[in-house]
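Structure assessment
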Amino acid sequence: FLKKLWKIVGSHGFQSIWWGDDGNCVVIAEKLFRKEVLGRRGPLKIFETESVRGFVLQLNLHGFCKMEGASSLSASIEELQALAAAGSALGKLLFYYNPFFKRDYPNLLGTC
């Protein structure tokens, strides 16, 4: 789960999940994530679950906690404008944090 998550968060192939600006949290655009990642079938399927709830349970099992509010997103004005423009397609933004899941430290994955 963690290796797959690491791979898609850092991938430019997905628009529904990305690193927070500081690389210390994962940002998920719920509506788009449901379609783009969890909606995959057959050999393209990434995670076992097809629901956001099931995905969040996996995050929790691996030590992630939900961060409240967009205050945890230190985005530039341009990024915020782009997010606002994409608003309804992205859905609600979810922020998850694990002290051992960091953008520049793949070696910490084993401690999650």
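Below you will find a few notes about this structure.

Calculation criteria
- Per chain, the residues get numbers from 1 upward, laid out in the order the sequence is written.
- Confidence filtering applies because this is a predicted model: local features only for residues at pLDDT of at least 70, side-chain atom pairs given and counted only at 80 or more, and all residues used for totals across whole chains, interfaces and linings.
- Hydrogen atoms and water are omitted, and side-chain values are computed over all heavy atoms in the structure.
- Each helix is a run of H or I in the DSSP string that is no shorter than four residues. Each strand is a run of E no shorter than two, and both are numbered from the N terminus.
- For each residue, the accessible area found with a 1.4 Å probe, counting protein chains only, is set against the maximum for its type, and the residue is called buried under 20%, exposed over 50%, and partly exposed in between.
- Take the buried Ala, Val, Leu, Ile, Met, Phe, Trp, Tyr and Cys residues and link them wherever side-chain atoms come within 4.5 Å; each set so joined is a nonpolar core.
- The contact criterion used throughout is that any non-hydrogen atoms of two residues lie within 4.5 Å.
- Whether two strands pair comes down to DSSP finding at least two bridges between them.
- Fitted lines through C-alpha atoms serve as axes, helices being fitted only where they are in contact, and the angles separating the N-to-C directions of these axes extend from 0 to 180 degrees.
- Counted as a polar contact is a pair of N or O atoms within 3.5 Å, where, for protein atoms, one must be capable of donating a hydrogen and the other of accepting one, and residues adjacent in sequence contribute only when both atoms are in side chains.
- Aromatic contacts are taken between Phe, Tyr and Trp rings whose centres are within 6.5 Å, Trp giving its six-membered ring; a plane angle under 30 degrees counts as stacked, one over 60 as edge-to-face, and the others as tilted.
- Criterion for a salt bridge: a side-chain nitrogen of Lys or Arg within 4 Å of a carboxyl oxygen of Asp or Glu.

Our next topic: the environment of G91. Structurally, G91 can be placed in the loop between α4 (77-90) and β4 (93-97). Here G91 falls in the partly exposed class, since its relative accessible area comes to 25%. Counting along the chain gives 58 residues from G91 to F33, while the straight-line C-alpha distance between them is 8.8 Å.

This next bit is on the nonpolar core. Formed by 24 residues in total, the largest nonpolar core has its most connected members in L5, I17, I28 and F101. For this core, the elements supplying multiple residues, two or more each, are α1 (2-10), β1 (17-19), β2 (25-29), α2 (30-38), α3 (52-61) and β4. Ranked by residue count, the leading element in this core is α1, at five residues. Non-local contacts of I28, meaning those with residues more than four positions away in its chain, are made with S16, I17, F33, F55, L59, K92, L93, L94 and Y96.

With that out of the way, let us pick up the sheet that holds β4. Strand order across the open sheet formed by four strands is β1-β2-β4-β3, with antiparallel pairing between neighbours. Each end of this open sheet is capped by a strand with a single partner; those strands are β1 and β3 (65-67). The average undirected angle you get between the axes of adjacent strands in this sheet is 30 degrees. The pairing of β1 with β2 spans three bridges and is antiparallel. Bridging across to β2, I17 finds its partner in I28. Where α1 meets the sheet, its contacts fall on β1 and β2, and the angle it forms with β1 comes to roughly 85 degrees. Sitting on the sheet, α2 is in contact with β1, β2 and β4, with an inclination near 85 degrees to β2.

As a further point, take the side chain of S16. Relative to the helices and strands, S16 is located in the loop between α1 and β1. At a separation of 2.4 Å, a polar atom in the side chain of S16 contacts the side chain of E36. Setting aside residues up to four positions removed in sequence, S16 forms contacts with V27, I28, A29, L32, F33, E36 and V37.

This part covers the packing of aromatic side chains. One pass over the structure, following the stated rule, counts eight aromatic pairs. Measuring from ring centre to ring centre gives 4.8 Å for F33 and F55, while their planes differ by 55 degrees; the resulting arrangement is tilted. Placement of the pair is F33 in helix α2 and F55 in helix α3, with a sequence separation of 22 residues. Judged by its relative accessible area of 1%, F33 falls in the buried class. An aromatic cluster is built from F1, F33, F47 and F55, whose rings are joined through pairwise contacts.

Further remarks concern the pattern of salt bridges. On inspection of all chains with the given rule, the structure shows four salt bridges. With a closest N to O distance of 3.6 Å, R41 and E50 form a salt bridge. Classification of R41 by relative accessible area gives partly exposed; the value is 48%. The closest approach of N and O atoms between R103 and D104, which form a salt bridge, is 3.9 Å. Residue classification places R103 among the partly exposed positions, given a relative accessible area of 31%. Judged by relative accessible area, D104 falls into the exposed class, the value being 56%. Bridged by salt links that share partners, the residues R41, K45 and E50 form one connected network.

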